[in-house]
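Inside the fold
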Amino acid sequence: MSRRFRVAVGVMVYNEARNLERLLDAVRTARGPHLDVRHIIVVSSGSTDHSVPIARRHQLEDARVHVIDDVERRGKATAINQFLDALTPDVEVCVMLGGDVLPAPDAVDHLVAAFEDPTVGVAGAHPVPTNTSTSLVSRVVKLQWALHDVIARDRPKMGELIAFRADVPHLDSTTAVDEAWLESVSLGRGQRLAYAPAAIVYNKGPEHLADLVAQRRRIYAGHFILERQTGYRVSTMAVRDLLRPAATYLLAHPGEVPVAAAAGAIELWARALGVWDVLVRKRNPTVWTPIESSKDLGDVP
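Small disclaimer: the values here were computed from a predicted structure and weren't measured. Residue numbers run consecutively from 1 along every chain, following the written order of its sequence. pLDDT decides what is reported in this predicted model: residues at 70 or higher carry local features, side-chain atom pairs at 80 or more are listed and counted, and totals for whole chains, interfaces and linings draw on all residues regardless. With hydrogens and water excluded, all non-hydrogen atoms of the structure serve as input to the side-chain values.

**A short note on the packing of aromatic side chains**
Both the distance between ring centres and the angle between the ring planes are used here to describe each pair of aromatic rings. Note on aromatic contacts: the rings of Phe and Tyr and the six-membered ring of Trp form a pair at centre separations within 6.5 Å, being stacked when their planes are under 30 degrees apart, edge-to-face when over 60 apart, and tilted otherwise. Taken as a whole, this structure holds one aromatic pair when the rule is applied. Taking the centre distance of 6.3 Å and the plane angle of 20° together, the rings of Tyr220 and Phe224 count as stacked. Here the residue Tyr220 and the residue Phe224 both occupy positions in helix 7 (residues 209–230), the gap between them amounting to four residues, near one helical turn. Classification of Tyr220 as buried rests on a relative accessible area of 13%. A ring is considered to have a charge above it if a Lys NZ or an Arg CZ atom is located within 6 Å of its centre and within 35 degrees of its normal. The residue whose ring lies beneath Arg3 is Phe5, and the NZ or CZ to ring-centre distance is 4.3 Å. One cation-aromatic arrangement involves Arg73 over Tyr14; the distance from NZ or CZ to the ring centre is 4.0 Å. Runs of H or I in DSSP of at least four residues are treated as helices and runs of E of at least two as strands, each being numbered from the N terminus. Buried means the residue's accessible area, taken with a 1.4 Å probe over protein chains only, is under 20% of the maximum for its type, while exposed means over 50%, and partly exposed covers the values in between.

**A look at helix 7**
A helix is expected to reach a length of 1.5 Å times the quantity of its residues less one. With 22 residues, helix 7 should reach 32 Å at 1.5 Å per residue; the first-to-last C-alpha distance of 31 Å fits that figure. At the exit of helix 7 stands Gly231, carrying a positive phi of roughly 85°.

**As for a nonpolar patch on the surface**
The grouping of Val239, Leu243 and Leu268 at the surface amounts to a nonpolar patch, some 290 Å² of accessible area in total. Note on placement: Leu268 falls in helix 9 (residues 257–279). In this scheme, patches are assembled from residues that exceed 30% relative accessible area and form no salt bridge. Like charges are connected within 9 Å, while nonpolar side chains (Val, Leu, Ile, Met, Phe, Trp, Tyr) are connected within 5 Å. Residue burial considers only the protein chains on display, and all accessible areas are found by Shrake-Rupley using a 1.4 Å probe. The term salt bridge refers to a side-chain nitrogen of Lys or Arg lying within 4 Å of a carboxyl oxygen of Asp or Glu.

**Considering the pairing of strand 1 (residues 5–13)**
The buried fraction of strand 1 amounts to eight of the nine residues, a majority that puts the element mostly inside the structure. With nine bridges joining them, strand 1 and strand 2 (residues 35–45) adopt parallel strand pairing. By the bridge assignment for strand 2, Met12 is matched with Val43. With the strands pointing away from the viewer, any crossover whose connection runs clockwise from the first strand over the helix to the second is right-handed. With respect to chirality, the unit in which strand 1 leads through helix 1 (residues 17–28) into the neighbouring parallel strand 2 is right-handed. Strands pair, by our definition, only if DSSP identifies at least two bridges between them.

**Observations concerning the nonpolar core**
Counting 44 residues, the largest nonpolar core has Val9, Val11, Val95 and Leu111 as the members making the most contacts within it. Top contributing element to this core by residue count: strand 8 (residues 192–203), with six residues. For Val95, the residues in contact, after removing those within four places along its chain, are Val7, Ala8, Val9, Gly10, Phe83, Val108, Leu111, Val112, Leu161, Ile162 and Ala163. The definition of a nonpolar core used throughout is a set of buried Ala, Val, Leu, Ile, Met, Phe, Trp, Tyr and Cys residues joined through side-chain atoms within 4.5 Å. Counting residues in each nonpolar core, the second largest holds 36 residues, with Met12, Val43, Ala166 and Leu182 among its members. Contact definition: two residues touch when any of their heavy atoms are within 4.5 Å.

**Some thoughts on the packing of helix 7 against helix 9**
Relative to each other, helix 7 and helix 9 sit at 55°, their axes nearing to 7 Å. Relative to helix 9, the element helix 7 lies oblique. Of the two possible hands of crossing, helix 7 and helix 9 adopt the one that is right-handed. Where helix 7 abuts helix 9, its residues Leu209, Leu212, Val213, Arg216, Arg217, Tyr220, Ala221, Phe224, Ile225 and Arg228 lie against Ile266, Glu267, Trp269, Ala270, Arg271, Leu273, Gly274, Val275, Trp276, Asp277, Val278 and Leu279. The angle between two axes is taken between their N-to-C directions and runs from 0 to 180 degrees, where each axis is a line fitted to C-alpha atoms and a helix contributes only its stretch in contact. By definition in this entry, angles of less than 35 degrees are roughly parallel, angles greater than 145 are roughly antiparallel, angles of 65 to 115 are roughly perpendicular, and the rest are oblique. Crossings are assigned a handedness: left-handed for a near helix turned anticlockwise from the far helix by less than a right angle, right-handed for a clockwise turn.

**Re the layout of surface pockets**
Grid points spaced at 1 Å over the protein atoms alone were grouped into cavities, where a 1.4 Å probe fits but cannot get out, and pockets, open sets with protein on both sides within 12 Å along at least five of seven lines, with lining residues defined by an atom within 4 Å of a point. Grid points are joined across faces, edges and corners, and a volume is the space filled by probe spheres set on the points. Volume-wise, the second largest pocket comes out at about 310 Å³. Together, 14 residues line the second largest pocket, and Ala214, Arg218, Pro285, Trp288 and Thr289 are the ones closest to its centre. For the lining of the second largest pocket, a count of residues per class yields six nonpolar, three polar and five charged. In this classification, Asp, Glu, Lys and Arg are treated as charged, Ala, Val, Leu, Ile, Met, Phe, Trp, Tyr, Cys and Pro as nonpolar, and every other residue, Gly included, as polar.

**Some words on the packing of helix 5 (residues 136–154) against helix 8 (residues 240–252)**
In contact at an axis separation of 10 Å, helix 5 and helix 8 are set at 115° when each is read in the N-to-C sense. Comparing the axis directions of helix 5 and helix 8 gives the class roughly perpendicular. Two packed elements cross with a definite hand, and for helix 5 against helix 8 that hand is right-handed. Together, Leu143, Ala146, Leu147, Val150, Ile151 and Asp154 of helix 5 and Leu242, Arg244, Pro245, Ala246 and Tyr249 of helix 8 make up the contact between the two elements. Considered class by class, the residues forming the contact of helix 5 with helix 8 number nine nonpolar, no polar and two charged.

**Thoughts on the side chain of Thr130**
Mapped onto the secondary structure, Thr130 falls in the loop between strand 6 (120–129) and helix 5. At a separation of 2.8 Å, a polar atom in the side chain of Thr130 contacts the main-chain carbonyl oxygen of Leu297. In this structure Thr130 touches Tyr202, Asn203, Lys204, Leu297, Asp299 and Val300, once residues within four positions along its chain are discounted. Here a polar contact is recorded for every N or O atom pair within 3.5 Å, except that within protein the pair must consist of a potential hydrogen donor and a potential acceptor, and residues adjacent in sequence are included only if both atoms are side-chain atoms.

**Focus: empty space enclosed by the protein**
Within this structure, the stated rule accounts for two cavities of 30 Å³ or more. Its volume calculated, the largest cavity comes out at about 40 Å³. Considering the residues around the largest cavity, the lining is formed by Asp172, Thr174, Thr175, Ala176, Val177, Gly222, Ile225, Leu226, Gln229 and Asn284. In the lining of the largest cavity, the residues fall into four nonpolar, five polar and one charged. In this structure, the second largest cavity encloses a volume near 30 Å³. Every residue along the wall of the second largest cavity is listed here: Gly121, Val122, Arg165, Asp167, Val168, Leu182, Val185, Ser186, Arg189 and Gln191. Within the residue set of the lining of the second largest cavity, elements represented by two or more residues are strand 6 and helix 6 (178–188). The dominant element in the lining of the second largest cavity, judged by the number of residues it contributes, is helix 6, at three residues.

Geometric descriptors of this kind do not, in isolation, establish any biological role.
Here it is as structure tokens:
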């Protein structure tokens, strides 16, 4: 018999009016044998569009929805800490996602099901990009997320939609890689990471080369800082850890070899820039510039 968990969903928002309506509709209607959604907490960090009015309208329609409107943008980790501060003691599992993604109808239930195993501390969903362009950048984005799935099935890696036990400590407010930070805390407690491939969440990757480099640069800088501070290395940090999954994928999809070569070159360049940012420029991308070309999900399958 399935175990039902008392769940709080946190939606982290910065100017997400284009997607927030359908995202909140999806979260509010999420159902499944493992779900008892008690709270849906929208944390808006410095939004200047209609994100907050949209969220407040949902709050009027659904007593589970609560809106935290922070007029200052201080980074996603701070927003997550505000979400944690708003939890009630009955919550067992937290589900967290940004305002620029869309979970499939059964995604949250598949994700929370992972906690039937009492050793699991954090669970990650399966991101699927909605990019429809045939440009090289969009093909690289789709390849990156396909490899993410291959890697996560062997060594779980969090991204886009995650769940974690509600008793986590507050995040380091300076971290730019909140999912990886939660991974490190869970493993430090002797818990396991889980990957839920059936928990599909749709996202949108960058459409322009400069945007893709900026995104990968920021993420690698955040992971580089986390490793220096804690010793924790995510499953995609070392290049050698990517070689076997990439080879496995390319053997099954030989037509993607040129795209993989381009993806590798872009990733190496972005990583070099990320290291430069940390070691030379002494920068931590706690608050980053949004990638506008990744904000419009378009049609979702």
